[in-house]
Amino acid sequence: MLDFQGVNRPQGWGNRDRTILMKDTDKLAGMANAIRFLSMDAVEKANSGHPGLPMGAADIATVLFSQFMVFDPKQPEWPDRDRFVLSAGHGSMLLYSLLYLLGYEDIDIEEIKNFRQLGSKTAGHPEYGHAAGIETTTGPLGQGFANAVGMAIAERKLAQEFGSDIVDHRTWCLVGDGCLMEGISQEALALAGHLRLSRLTVIWDNNDISIDGPIGLSDSTDQIARFKASGWNTIHVDGHKPAELAAAFAKARESEKPTFIAARTTIGYGAPTKAGTSKAHGSPLGAEEIKGARAKLGWDCEPFKVPAEILDAWRIAGLRSGQKRKEWEKRFAALDADTRGEFERRMRGDLPPGLDQAMADYKQKLIADRPKVATRKSSEMALEVINGVVTETIGGSADLTGSNNTKTSQTAAIKPTDFSGRYIHYGIREHAMAAAMNGIALHGGLIPYSGGFLVFSDYCRPAIRLAALMGLRVIHVLTHDSIGLGEDGPTHQPVEHLAALRAIPNLVVMRPADAVETAECWQIALEHKSTPSVLALTRQNLPTLRREYASENTCARGAYELQPASGEAQVSIYASGSEVEIACAAHKALEDQGIAARVVSVPSFELFAGQSAKYRKAVIGDAPVRIAVEAAVSQGWERFIGEDGVFIGMTGFGASGPYEELYRHFGITPEAIVKAAKAKLA
C-alpha cells in the first residue's frame, strides 16, 4: 500500500514520493466522488432521500473500505469478515454505493437507479436480508450503534472460544449527531467502554447539522469528553483529509480500548449552495445544484456513470482481502473435525442434536414432580437443562438477575478481562441490552437471551420491533407480568404491554401457565430461527396443571384444550399464564353445579393464528358462552370470544397491595367467572 498517510515517512522522502502521494490522493478523491454522485443521482431520480450524509462521509468510507476493512464481496458471508454498521441509516446511499462499487453482486447499477422503489434491494433505509453486505437494519437512530456493540461482544466471545486464528475481525460503525443524541447511545457506549471492546471503532460524521439546522440549536455536548469518560480511546480528525483518517484508523487497530473517531465533515460536500446546511440533509438537491456540484468537483460523467479507472480502483479494493480469506479457510480446514463442525453448526444457527431428548426427559420429570413455582423460576429450571446442552446461549439481565432468574450454573459472568463466561450484566440499560442482543444474533454463532420486567419492555420495544423486522432469534425473558407482582404497584404492573407486544408482526409472545408450558415455550423460542420471542412470566407461584406427558410440544399450537367438558360444553373459558389456574378453579365450580365447561390454555396468540382453520375452529369450539381471562387489557381476545363474549381482566391500571387481594379487588377470580357464565346462560 502506498504511504500517503503523512506519518513516519522515511528519511530522504522527496519530490518523487510527493508526486506518488498526490496521485494516490487524487485517486482517493475520485473514488469518494463516485460515492457522492451515485448518491446524488439516486436521490434525485427517486425524488426522495438523504444526499447530505453520503456526500459528507464519502472520504471516510473511501479510506476505510479501500485500506482498512477486511471483507470479500465474492464471499460476503465469510465468518471472519469485518462488520460495518451504518447507524445513521438515513444515509443509506453511502452503503449502497459502496456495495455496488466494491463488486457485491446483489447491488448492481440498476438497483442504484431503483433506490427507494417498491421491490428494490435499495430501500430507503438499509434492510438486513435485502442484499449481502447489509449487516443490520438501521434507521431508528442509535440502534445501529448498539447493534455494533453486540457484534463486538460476539466477536470477542467467539474468539475466546475458538481462538484468534478463526475469529479475528473488527466492527466499524458510522454514527451521526442524531445517533449520539438518542439516549440509547449513552447506554451503548458505557457498556462498550466497561467491557473494553477494543475491536469496536465508532466514527462520528461530525457535520454539525440536523434537520432543524445547526446542532447548536439543541445540543452542546462535548462528545469527545463523553466517550473518554466511559473508557474509550478518542481521536479528532478532519473527515475530508485521507491522511488524518488513515492515521486514526491505524491507531484504532492498535488500541486496547474501543475507539471513537470524531471526523469533522461538511454535510453535502461539493454542493455549491447547500453544502454545510440542513437543505442538504433530507431532500433531493435539485438539478441545478447537482450540475453545480459536477462542475465544482470536476465530475464530467452523466448520471449513474463512473469513470472506468475509478470503478476499477474500487473493484480492486474489493479484492484486496481475498487472500486473507483464503488463508483463513486453510486455517479453518486444519482444525479438528469436531471443532470445525461445531463452528459451522453454530454459524448456521442449527441447534445441537441432544436438545430434543433433554427437553423430553425434563418434561417427564416435571409431570412426575408437579412443582408449584413461579414461571420465572420454571424458566430458570428449563434454562438449567437448555444451557447444559445448547452451549451457544449467552444470557443476561438489566440488573435484575435475581428477579428474572436468567442465570444458571453454566453461565459465569463475562468480565472486561475474561470473556469465558456466558452471562452479561447489562446494568440498568434495557435500550442497549435489547439492541446489543440484535447485534449478537446478527453476528452469528450465539443465541442471546436476557431478562427484564415486562413493564420495561417499553424501553426494549424499538429493538424488539427491529428484531422482528429482521427475523432474528433473540429471546426476551420478561417477568413480573401482571398485577400478580403485588406491592410494587401500578408503575411496575403491566396491563397494556402484552397487547402492545402482540401487535408487533413476526414476534412470538408466550405466556405459559405452569412449569411444563414454560419448558415448551423455551423450546419453541430456540427452534424459531427467524423469529424473536418474548416469554412473559410470573412472580407468584403456580401449580403444574398438565397431568399427562405428551411428546408433542402442545404449546406450539398456541392454544389447546387443557380441561374438557363433562358433556356438551355450555361454557368455554380461555386464559393465559397465571389466569389458567383461575380458569381451572372456575371450571370445577361450574361442573360441580352441573354446567358443562371446558378450559383452553392460550400461551400464544401468534402460534395459534398459524394453525389450520380446522384446528382453530375446534379449539374455540361452539359453546354458547365464551369467557376470556387475563390480568391485562382485552385487546386481541376477540378472536376467541367474539363480540358477545365476556372478558375478565383489567380495564385500567393496577394498584399497590398483596397480589391475592389485588386479584379479588379487580374481580379476576373463579367466582367472577362462574357468575359471568351463569348470567350469560340465564
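Since this is a predicted model, take the numbers as computed values, not measurements. (Residues numbered from 1 in each chain as written. Predicted model: local features only at pLDDT ≥ 70, side-chain atom pairs only at ≥ 80, totals over all residues. Heavy atoms only, no water.)

## Notes on the packing of helix H21 (residues 579-592) against helix H26 (residues 670-681)
Consideration 1: Relative orientation of the contacting elements H21 and H26 amounts to 50 degrees, with a least axis distance of 8 Å. Comparing the axis directions of H21 and H26 gives the class oblique. Pair H21 / H26 crosses with right-handed handedness. In contact with Ile582, Ala583, Ala585, Ala586, Ala589 and Leu590 of H21, H26 contributes Pro670, Ile673, Val674 and Ala677.
Consideration 2: By residue class, the composition of the contact of H21 with H26 is 10 nonpolar, no polar and no charged. (Axes fitted to C-alpha atoms, helices over the stretch in contact; angles between N-to-C directions. Helix = DSSP H or I, 4+ residues; strand = E, 2+ residues; numbered from the N terminus. Parallel < 35°, antiparallel > 145°, perpendicular 65-115°, else oblique. Left-handed = near helix turned anticlockwise from the far one by under 90°. Contact = heavy atoms within 4.5 Å. Nonpolar A, V, L, I, M, F, W, Y, C, P; charged D, E, K, R; others polar.)

## So, the sheet that holds strand S3 (residues 200-206)
Consideration 1: One open sheet holds the 5 strands; their spatial order is S1-S2-S3-S7-S6, and the pairing between them is parallel. Since the sheet does not close on itself, it has two edges, and those belong to strand S1 (83-86) and strand S6 (233-238), each with one partner. When strand polarity is set aside, the average angle formed by the axes of neighbouring strands in this sheet is 15 degrees.
Consideration 2: Strand direction decides the pairing type here: strand S2 (residues 171-175) and S3, joined by 5 bridges, are parallel. Each bridged residue has a counterpart across the sheet, and for Val175 the counterpart in S3 is Trp204. (Pairing = 2+ DSSP bridges.)

## A short note on the pairing of strand S19 (residues 625-630)
Consideration 1: The buried fraction of S19 amounts to 5 of the 6 residues, a majority that puts the element mostly inside the structure.
Consideration 2: Sheet topology note: the strand S17 (residues 571-575)/S19 ladder contains 5 bridges and is parallel. Across the sheet, residue Tyr574 finds its bridge partner in S19, namely Ala628.
Consideration 3: The pairing of S19 with strand S20 (residues 646-649) spans 4 bridges and is classified as parallel. (Buried < 20%, exposed > 50% of the residue type's maximum accessible area, 1.4 Å probe, protein only.)

## Concerning a negative patch on the surface
Consideration 1: A cluster of acidic side chains, namely Glu487, Asp488, Glu660 and Glu661, defines a negative patch on the protein surface.
Consideration 2: Note on placement: Glu660 falls in helix H25 (residues 659-665).
Consideration 3: Overall, Glu660 belongs to the partly exposed group, its relative accessible area being 38%. (Patch = residues over 30% accessible without salt bridge, like charges linked within 9 Å, V, L, I, M, F, W, Y side chains within 5 Å. Areas by Shrake-Rupley, 256 points an atom, 1.4 Å probe, with all protein chains shown as cover. Salt bridge = Lys/Arg side-chain N within 4 Å of Asp/Glu carboxyl O. Lys, Arg positive; Asp, Glu negative; His and termini not counted. Charge placed at Lys NZ, Arg CZ, Asp CG, Glu CD.)

## A few points about the pattern of salt bridges
Consideration 1: This model, assessed by the stated rule, comprises 28 salt bridges.
Consideration 2: Note that Glu161 and Lys157 form a salt bridge whose closest N and O atoms lie 3.9 Å from each other. Taken as a pair, Glu161 and Lys157 lie in helix H5 (residues 143-162) at a separation of 4 residues, close to a single helical turn.
Consideration 3: What makes Lys157 buried here is its relative accessible area of 3%.

## Overview of H21
Consideration 1: For H21, built from 14 residues, the straight-helix expectation of 20 Å at 1.5 Å per residue is met to within 8% by its first-to-last C-alpha distance of 20 Å.
Consideration 2: Among all positions of H21, only Glu579, Val580, Ile582, Ala583, Cys584, Ala586, His587, Leu590 and Glu591 are buried.
Consideration 3: Contacts from the buried residues of H21 go to strand S16 (560-563), S17, strand S18 (597-601), S19, H25 and H26.
Consideration 4: Downstream of H21 by one or two residues, Gly594 has phi in the positive range, about 85 degrees. (Expected span 1.5 Å × (residues − 1).)

## A closer look at unusual backbone geometry
Consideration 1: Although it is not a glycine, Phe304 adopts a positive phi angle of roughly 70 degrees.
Consideration 2: In this fold, Phe304 is placed in the loop between helix H10 (287-297) and helix H11 (308-319).
Consideration 3: Overall, Phe304 belongs to the buried group, its relative accessible area being 12%.
Consideration 4: Positive phi, normally seen in glycine, also occurs at Asn506, with a value near 60 degrees.
Consideration 5: Note that Asn506 resides in the loop between helix H19 (497-502) and strand S13 (508-510).
Consideration 6: Asn506 gets classed as partly exposed once you look at its relative accessible area, which sits at 37%.

## Concerning the sheet that holds S18
By definition, the strands of a sheet pair up through backbone hydrogen bonds, in either a parallel or an antiparallel sense.
Consideration 1: Spatial ordering of the open sheet is given by S16-S18-S17-S19-S20, a layout of 5 strands whose pairing is mixed. At either end of the open sheet lies a strand with only one pairing partner, and these are S16 and S20. The sheet shows a mean angle of 30 degrees between the axes of neighbouring strands, direction not considered.
Consideration 2: Where helix H23 (residues 613-620) meets the sheet, its contacts fall on S16, S17, S18 and S19, and the angle it forms with S18 comes to roughly 130 degrees.
Consideration 3: Helix-sheet contacts for H26 involve S17, S19 and S20, and the interaxial angle to S19 is about 160 degrees.

## Here's the deal with helix H9 (residues 242-254)
Consideration 1: Under the 1.5 Å per step criterion, the end-to-end length of H9 is 19 Å for 13 residues, consistent within 8% with the ideal 18 Å.
Consideration 2: Listing the buried residues of H9 in full gives Pro242, Leu245, Ala246, Ala247, Ala248, Phe249 and Ala252.

## Observations regarding the pairing of strand S7 (residues 259-264)
Consideration 1: In terms of burial, S7 is largely enclosed, as 5 of its 6 residues are buried.
Consideration 2: For S3 and S7, the ladder comprises 6 bridges, and the chain directions are parallel. Residue pairing across strands places Trp204 opposite Ala262, the latter belonging to S7.
Consideration 3: Judged from the 6 bridges that link them, S6 and S7 form a sheet pairing that is parallel. Bridge pairing links Asp238 to Arg264 in S7.
Consideration 4: Each parallel crossover has a hand, and the one from S6 via H9 to S7 is right-handed. (Right-handed = clockwise from strand over helix to strand, strands pointing away.)

## Considering the environment of Ser457
Consideration 1: If you trace the backbone, Ser457 turns up in helix H18 (residues 457-470).
Consideration 2: Ser457 gets classed as buried once you look at its relative accessible area, which sits at 3%.
Consideration 3: The spatial distance from the C-alpha of Ser457 to the C-alpha of Ala596 is 39 Å, given a sequence separation of 139 residues.
Consideration 4: Residues in contact with Ser457, not counting those within four places in the same chain, are Leu478, His497 and Leu501.

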